[in-house]
Amino acid sequence: MGEGAGGCGSAGSAEEARVVRGCAENARLQEQRRAGLRAAREGRTLESLLEELQRVATLPLERSETLPREIYTSDAFYAWEVDEVFSKEWFCVAHVSQVPANGDFVNLDLFGDPLVVVRDKSGGVRVLSRVCPHRGMDIMPPGFGHDGHGPAERRDGGEGRGSTRLFLCPYHSWTFELDGRLKACPEMQQAEGFRRDEWGLKEFRCEVWQGFVFVNLDGKAPMTVAEQYAELGEHVSKWRIGGMEIVVEREWDIPCNWKVLTENFMESYHHAGAHAKTLQTIMPAKQTWTERERPHFIRCHLPYKPKVREEIAATEADGGQWDTFPVVAGLEGEDRHEWGLMLGHPLFTFAVTPDQVVWYRILPLGPDAVKLTTTVLVPKATREHPGFDRMLERAEQEAAAFHLEDMEVIAAVQRSLHANGYQRGRLSHLEMPIWLMQRYLAARAHGTWPGLDHPPAPGQR
Ligand code: FES
Ligand SMILES: [Fe+2]
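In every chain, residue numbers begin from 1 and rise along the written sequence. A letter from A marks each chain and a number from 1 marks each ligand, given out in the order of writing. This being a predicted model, a pLDDT of at least 70 is required before a residue's local features are given, and a value of 80 or more before pairs of side-chain atoms are given or counted; all residues contribute to the totals for chains, interfaces and linings. Side-chain calculation: all heavy atoms of the structure are included, whereas hydrogens and water are not.

Turning to the domain arrangement of the protein, a few remarks are in order. Here the domain parsing of the protein yields domain 1 (9-90 + 224-445) and domain 2 (96-209). Every residue pair with non-hydrogen atoms within 4.5 Å of one another is taken to be in contact. Between domain 1 and domain 2, the residue contacts involve 20 residues of the former and twelve residues of the latter. Counting each side, the surface lost to burial between domain 1 and domain 2 is near 1,300 Å², with a carbon and sulfur contribution of 67%. A simple way to read buried area is as the amount of 1.4 Å-probe accessible surface that goes missing from two parts once joined, with both sides added. On the domain 1 side of the interface with domain 2, the three residues burying the most area are Trp90, Glu249 and Leu363, jointly 32% of the side's total. A salt bridge links Glu249 to Arg161, with the shortest nitrogen-to-oxygen separation between them at 2.4 Å. What marks off one domain from the next here is an automatic or database domain assignment. Think of a salt bridge as a Lys or Arg side-chain nitrogen and an Asp or Glu carboxyl oxygen that are within 4 Å of each other.

Okay, here's the thing in structure tokens:
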């Protein structure tokens, strides 16, 4: 289990230790099953899985089913997702508040590619490969205790974070500018035809949208992020997320497929079970609903129940603050009385709430593992509020509490996908987002997006 860069003080509770232990135990048991079932699993070909995906995706919501387990467990299907979905689409890797000043950088590994997100000398955000063009060293290899960037002025925020004027490869001391150009390389004068300007760090196509940094690994996405998420942008523009700052950030290793985590993030049917003591008391599962199908995103609404609305009105009439942080300026009506869950396809998951934005950065590590970073973003004005520290403590506790409830179910679900007793299930209408995710994957298998090759599914209101 990783340590949160932002820390979470008092949330490091017995409850957290229990769930973390549970995840490790489920991972261990799952690994045993995996080894035993490997041969059987490989028997089901990628082709037959894609065929079954197409069949399931054409079912109406009322007859919808869960997908074959191999879609969540097999190496072949995961490799298909990486090559045909994730590499071709835009993938959200950072928020601009993580690299506020020129020279600030954040490292991450994306589908095995070591990357650095850096703000260059002119203030632009770039995504560079960390693989040195000389002999392939990772210029900031994780886990060795030295972060490889020589002339760094600041190394706060843990490993793989900091601020620097140059990147230094620790192997033979080649140095690179913040835009990836090779600046200096000792003793290369006898290498015939070697031209320094031809040997920079590889740069990936990158865009900043609403403050989020996106990368497109194959460089051929047909649209810009702004074009692709134009309608999503209209929905969330009131939150002005580009000007927000990450104030809570925690890392978690979870032994589950990315879809198990994302399905759980998007469906709120489980409020009645996993969150019975927390979210269900404010946003009952029964009232949650999903908008009509869009090519590039899914949006769900989680309205507060009437009693909570009354409580809010009463608290605010007395000059009090009901929410953890002050309500984001300008929010009213439904926006002030519900959470909105968003999935920008394929894996840009966030929630807008009246007082904060919760962004989950999900990095798939294989069919059975993800590295998750849970974050909370608030407006600058909230950060400058005199009572901010106290509010932050409450936010950290709340965020950890309901996240631990989720961790427990997703780790256990993933292990069951390997069990002899596993059965394919049926979906409730409250799980419409899962059905929409199936339709997205099926559309991508045809090289298109939902609603572009068939009529979009209507919304639930
Ligand atoms: S591998 Fe980087 S300088 Fe040689
Ligand atoms: Fe949940």
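On we go from here.
Spatial ordering of the open sheet is given by β7-β8-β9, a layout of three strands whose pairing is antiparallel. Edge strands, defined here as strands with exactly one partner in the open sheet, are β7 (167-168) and β9 (182-184). In terms of strand pairing, β7 meets strand β8 (residues 175-176) through two bridges, oriented antiparallel. Residue pairing in the sheet places Phe167 in a bridge with Phe176 of β8. At least two bridges found by DSSP between two strands is the condition for calling them paired. Each helix corresponds to a stretch of at least 4 residues labelled H or I by DSSP, and each strand to a stretch of at least 2 residues labelled E; elements are numbered beginning at the N terminus.

This brings us to the sheet that holds strand β17 (residues 357-366). Judged by pairing direction, the sheet is antiparallel, and its seven strands sit side by side in the order β12-β18-β17-β16-β15-β14-β13 without closing on themselves. A single partner strand is all that each edge strand has here, and the edge strands are β12 (245-254) and β13 (289-290). Two strands pair when backbone bridges link them, and strand β15 (residues 338-344) and strand β16 (residues 348-352) are joined in this way by five bridges, in the antiparallel orientation. Within β16, the position partnered with Leu341 by the bridge is Ala351. Here helix α7 (residues 258-266) sits on the sheet and contacts β14 (297-303), β15, β16, β17 and β18 (369-378); the angle it forms with β15, its principal contact strand, is near 150°. Helix axes are fitted only over the stretch in contact, all axes being lines through C-alpha atoms; the angle between N-to-C directions runs from 0 to 180 degrees.

Donor atoms: N, O and S within 2.8 Å of the metal, or within 3.2 Å for Na, K and Ca. Because water is excluded, sites can look incomplete. Summarising the metal site, the iron ion (ligand 2) is bound by the protein donors His270 (NE2), His275 (NE2), Asp406 (OD) and Asp406 (OD), whose distances to it range over 2.0 to 2.6 Å. Only four donors with every angle between 85 and 135 degrees are called tetrahedral; only four or six donors with opposite donors over 155 degrees apart and all others between 65 and 115 are called square planar or octahedral, in that order; all others are irregular. For the iron ion (ligand 2), the four donor atoms in the first shell make angles of 55 to 150° at the metal, so the coordination geometry reads as irregular. Donor residues binding the iron ion (ligand 2) come from one chain and are separated in sequence as H-x4-H-x130-D. Overall, the relative accessible area of 1% leaves His275 in the buried class. For each residue, the accessible area found with a 1.4 Å probe, counting protein chains only, is set against the maximum for its type, and the residue is called buried under 20%, exposed over 50%, and partly exposed in between.

Scanning the entire structure with this criterion turns up 34 salt bridges. Residues Arg195 and Glu198 are paired through a salt bridge, measuring 3.8 Å at the closest nitrogen-oxygen approach. Residue classification places Arg195 among the partly exposed residues on the basis of a relative accessible area of 46%. One salt bridge connects Glu291 with Arg294, and the closest N-O pair in it is separated by 2.9 Å. Of the residues examined, Arg294 reaches a relative accessible area of 6% and is grouped as buried.

This part covers helix α8 (residues 306-317). For α8, with twelve residues, the first-to-last C-alpha span of 16 Å sits near the 16 Å given by 1.5 Å per residue. The first or second residue beyond α8 is Gly319, which carries a positive phi of 80°. A helix is expected to span 1.5 Å multiplied by its residue count minus one.

With that out of the way, let us pick up the side chain of Glu177. Here Glu177 shows up in the loop between β8 and β9. Filtering out sequence-adjacent residues up to four positions away, Glu177 remains in contact with Lys121, Leu166, Phe167 and Lys183.

Most often, soluble globular proteins have nonpolar side chains that are buried together. Here the nonpolar core consists of buried residues drawn from Ala, Val, Leu, Ile, Met, Phe, Trp, Tyr and Cys, with membership extended through side-chain atoms lying within 4.5 Å. Formed by 89 residues in total, the largest nonpolar core has its most connected members in Phe91, Val93 and Leu110. The element that contributes the greatest number of residues to this core is helix α10 (residues 388-416), accounting for nine residues. In terms of domain composition, this core takes at least three residues from each of domain 1 (9-90 + 224-445) and domain 2 (96-209). Not counting chain neighbours up to four residues away, the residues in contact with Leu110 comprise Phe91, Val93, Leu115, Val215, Leu217 and Leu363.

Quick look at helix α2 (residues 46-57) now. Counted at 1.5 Å a residue, the expected span for α2 with its twelve residues is 16 Å, and the 16 Å between its end C-alpha atoms agrees. Among all positions of α2, only Leu49, Leu50, Glu52, Leu53, Gln54, Val56 and Ala57 are buried. Summarising the contacts, the buried residues of α2 are in contact with α3 (70-73), α4 (75-86) and α11 (432-445).

Now for the pairing of strand β3 (residues 113-119). Summarising burial for β3: six of the seven residues are buried, a large majority. The sheet contact formed by strand β2 (residues 104-110) and β3 spans six bridges and is antiparallel. Bridged to Asp109 within β3 is Pro114. The pairing of β3 with strand β4 (residues 125-129) spans five bridges and is classified as antiparallel. Its bridge partner being in β4, Leu115 is matched across the sheet by Ser129. If you look at the hairpin formed by β3 and β4, you'll find five residues sitting between the two strands, and Gly123 has a positive phi there, around 95°.

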